Amino acid sequence: MSEDSVRRSMPLFPMGIVQSLTDLSARQIRYYEQHKLVEPARSEGNRRLFSFNDVDRLLEIKSLIEKGVNMAGIKEMLKVEEKPANDAYDEKRVEEVHNELSEKELRRMLQQELFTAGSHGKLGIRQGELSRFFH
DNA sequence: CTTCTGACA
DNA sequence: TGTCAGTA
């Protein structure tokens, strides 16, 4: 664990700061938290305390949102870390075996396309057309 | 004054 | 998503 690692995950700024830092509304930030895209710490008074990692995460989320990606898509992209051990993987295996290779490859290509184009200009993809690739 | 949760003319 | 309410 590098010292930078701890500083990056240290609970520092409240909602207001994060709002101006990300240009996201408090409503949106709380909404993304509900979907476990970020998990800020809490102060004694139940106030949210975001870390640099949280802010970075929110900025990426914002980037994806601006490209028209929805919650399902964002969760796929950021790979929300989840359950330690259960049977959720069985379903994924079933799906993989059930799906054609073309669909899986297509999804991968879309991820790359979105990420690369992500740090650049805008892409002509919209929710309706894109949502089809995420379930 | 700022943030939080819950709810919806 | 915005926004208003009633708190902490």
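Notes on the structure follow. In every chain, residue numbers begin from 1 and rise along the written sequence. Chain letters start at A and ligand numbers start at 1, both assigned in the order the entries are written. Where local features are concerned, this predicted model is filtered to residues with pLDDT of at least 70; where side-chain atom pairs are given and counted, the filter is 80 or more; whole-chain, interface and lining totals use all residues. Each side-chain value is derived from all of the structure's non-hydrogen atoms; neither hydrogens nor water enter the calculation.

**With respect to the packing of helix H2 (residues 15–22) against helix H3 (residues 26–34)**
So, step 1. Helix axes use the C-alpha atoms of the stretch in contact, all axes being lines fitted to C-alpha atoms, and the angles between their N-to-C directions lie in the range 0 to 180 degrees. Note on conventions: DSSP H or I runs of at least 4 residues are helices, E runs of at least 2 residues are strands, and numbering of each starts at the N terminus. Running from amino to carboxyl end, H2 crosses H3 at an angle of 100°, the nearest separation of the two axes being 9 Å. In this view, H2 runs roughly perpendicular relative to H3, as classed from their interaxial angle. On H3, the residues touching Met-15, Val-18, Gln-19 and Thr-22 of H2 are Ala-26, Ile-29 and Arg-30.
So, step 2. Here the term charged refers only to Asp, Glu, Lys and Arg, the term nonpolar to Ala, Val, Leu, Ile, Met, Phe, Trp, Tyr, Cys and Pro, and the term polar to all other amino acids, Gly among them. By residue class, the composition of the contact of H2 with H3 is four nonpolar, two polar and one charged. An angle below 35 degrees is read as roughly parallel, one above 145 as roughly antiparallel, one from 65 to 115 as roughly perpendicular, and any other as oblique. Contacts between residues were defined by any pair of non-hydrogen atoms, one from each residue, lying within 4.5 Å.

**Observations concerning the packing of helix H4 (residues 52–66) against helix H5 (residues 71–78)**
So, step 1. Following both chains from N to C, one finds H4 and H5 inclined at 130°, their axes separated by 10 Å at the closest point. The angle between H4 and H5 places the two elements in the oblique class. Regarding H4 and H5, the two cross each other, and that crossing is right-handed. Along the contact surface, H4 presents Arg-57, Glu-60, Ile-61, Leu-64 and Ile-65, while H5 presents Met-71, Ile-74, Met-77 and Leu-78.
So, step 2. Looking at side-chain class alone, the contact of H4 with H5 contains seven nonpolar, no polar and two charged residues. Take the far helix as your reference; a near helix turned counterclockwise from it by less than a right angle gives a left-handed crossing, and one turned clockwise gives a right-handed crossing.

**Some points on the side chain of Asp-54**
So, step 1. With respect to the helices, strands and loops of the structure, Asp-54 is situated in helix H4.
So, step 2. Those residues in contact with Asp-54, other than ones at most four positions away along the chain, are Val-38, Glu-39, Pro-40 and Leu-49.

**Description of H3**
So, step 1. When H3 is considered as a whole, its buried residues turn out to be Ala-26, Ile-29, Tyr-32 and Glu-33. Down the axis of H3, the sector holding all buried residues measures 130°, keeping them to one side. The exposed set on the far side of H3, more than 90 degrees from its buried face, consists of Arg-27 and Gln-34.
So, step 2. Buried residues along H3 sit against H2, strand S1 (41–42), strand S2 (48–49), H4 and H5.
So, step 3. Positive phi shows up at Lys-36, right after H3, with a value of about 55°. Three exposure classes are used, based on accessible area relative to the maximum for each residue type with a 1.4 Å probe and protein chains only: buried under 20%, partly exposed in between, and exposed over 50%. Taking the helix axis as origin, the arc is that swept by the directions to the C-beta atoms.

**A closer look at the nonpolar core**
So, step 1. As used in this record, nonpolar core signifies buried Ala, Val, Leu, Ile, Met, Phe, Trp, Tyr and Cys residues forming a set joined through side-chain atoms within 4.5 Å. Grouped together as the largest cluster of nonpolar side chains are 19 residues, with contacts concentrated most on Val-18, Ile-29, Tyr-32, Phe-50, Leu-58, Ile-61 and Ile-74.
So, step 2. Of all the elements in the fold, those that place two or more residues in this core are H2, H3, H4 and H5.
So, step 3. Aside from chain neighbours lying at most four places away, what touches Ile-29 is Met-15, Val-18, Gln-19, Thr-22, Leu-24, Val-38, Phe-50 and Leu-58.

**Focus: the protein's contact with DNA strand C**
So, step 1. The cutoff for a nearby residue is simple: one of its non-hydrogen atoms must lie within 4 Å of the molecule or strand. As a structural note, the neighbourhood of DNA strand C is formed by Ser-25, Arg-27, Gln-28, Tyr-32 and Arg-47.
So, step 2. For DNA strand C, the fraction of atoms within 4 Å of the protein that belong to sugar or phosphate moieties is 32%.
So, step 3. One of the side-chain N or O atoms of Arg-27 is found 3.0 Å from a base oxygen in DNA strand C.
So, step 4. In this structure, Tyr-32 approaches DNA strand C through a side-chain N or O atom, which is 3.0 Å from a phosphate oxygen.
So, step 5. Classifying every residue of the surface near DNA strand C by side-chain character gives one nonpolar, two polar and two charged. As used in this structure description, the phrase polar contact means that two N or O atoms lie within 3.5 Å; if the pair is within protein, one of them must be able to donate a hydrogen and the other to accept it, and residues adjacent in sequence are counted only when both atoms belong to side chains.

**Some remarks on the pattern of salt bridges**
So, step 1. Each salt bridge in this description consists of a side-chain nitrogen of Lys or Arg and a carboxyl oxygen of Asp or Glu lying within 4 Å of one another. Using the criterion set out here, one finds three salt bridges in the structure.
So, step 2. Note that Arg-48 and Glu-33 form a salt bridge whose closest N and O atoms lie 2.1 Å from each other. With Arg-48 in strand S2 and Glu-33 in helix H3, this residue pair connects regions lying 15 residues apart in the sequence.
So, step 3. Exposure remark for Arg-48: the relative accessible area of 17% places this residue in the buried category.
So, step 4. With a closest N to O distance of 4.0 Å, Lys-62 and Glu-66 form a salt bridge. With a gap of four residues between them, Lys-62 and Glu-66 both fall in helix H4, about one helical turn apart.
So, step 5. When its relative accessible area of 60% is taken as the criterion, Glu-66 is described as exposed.

So, to be careful, I would describe these as geometric facts and stop short of saying anything about function.
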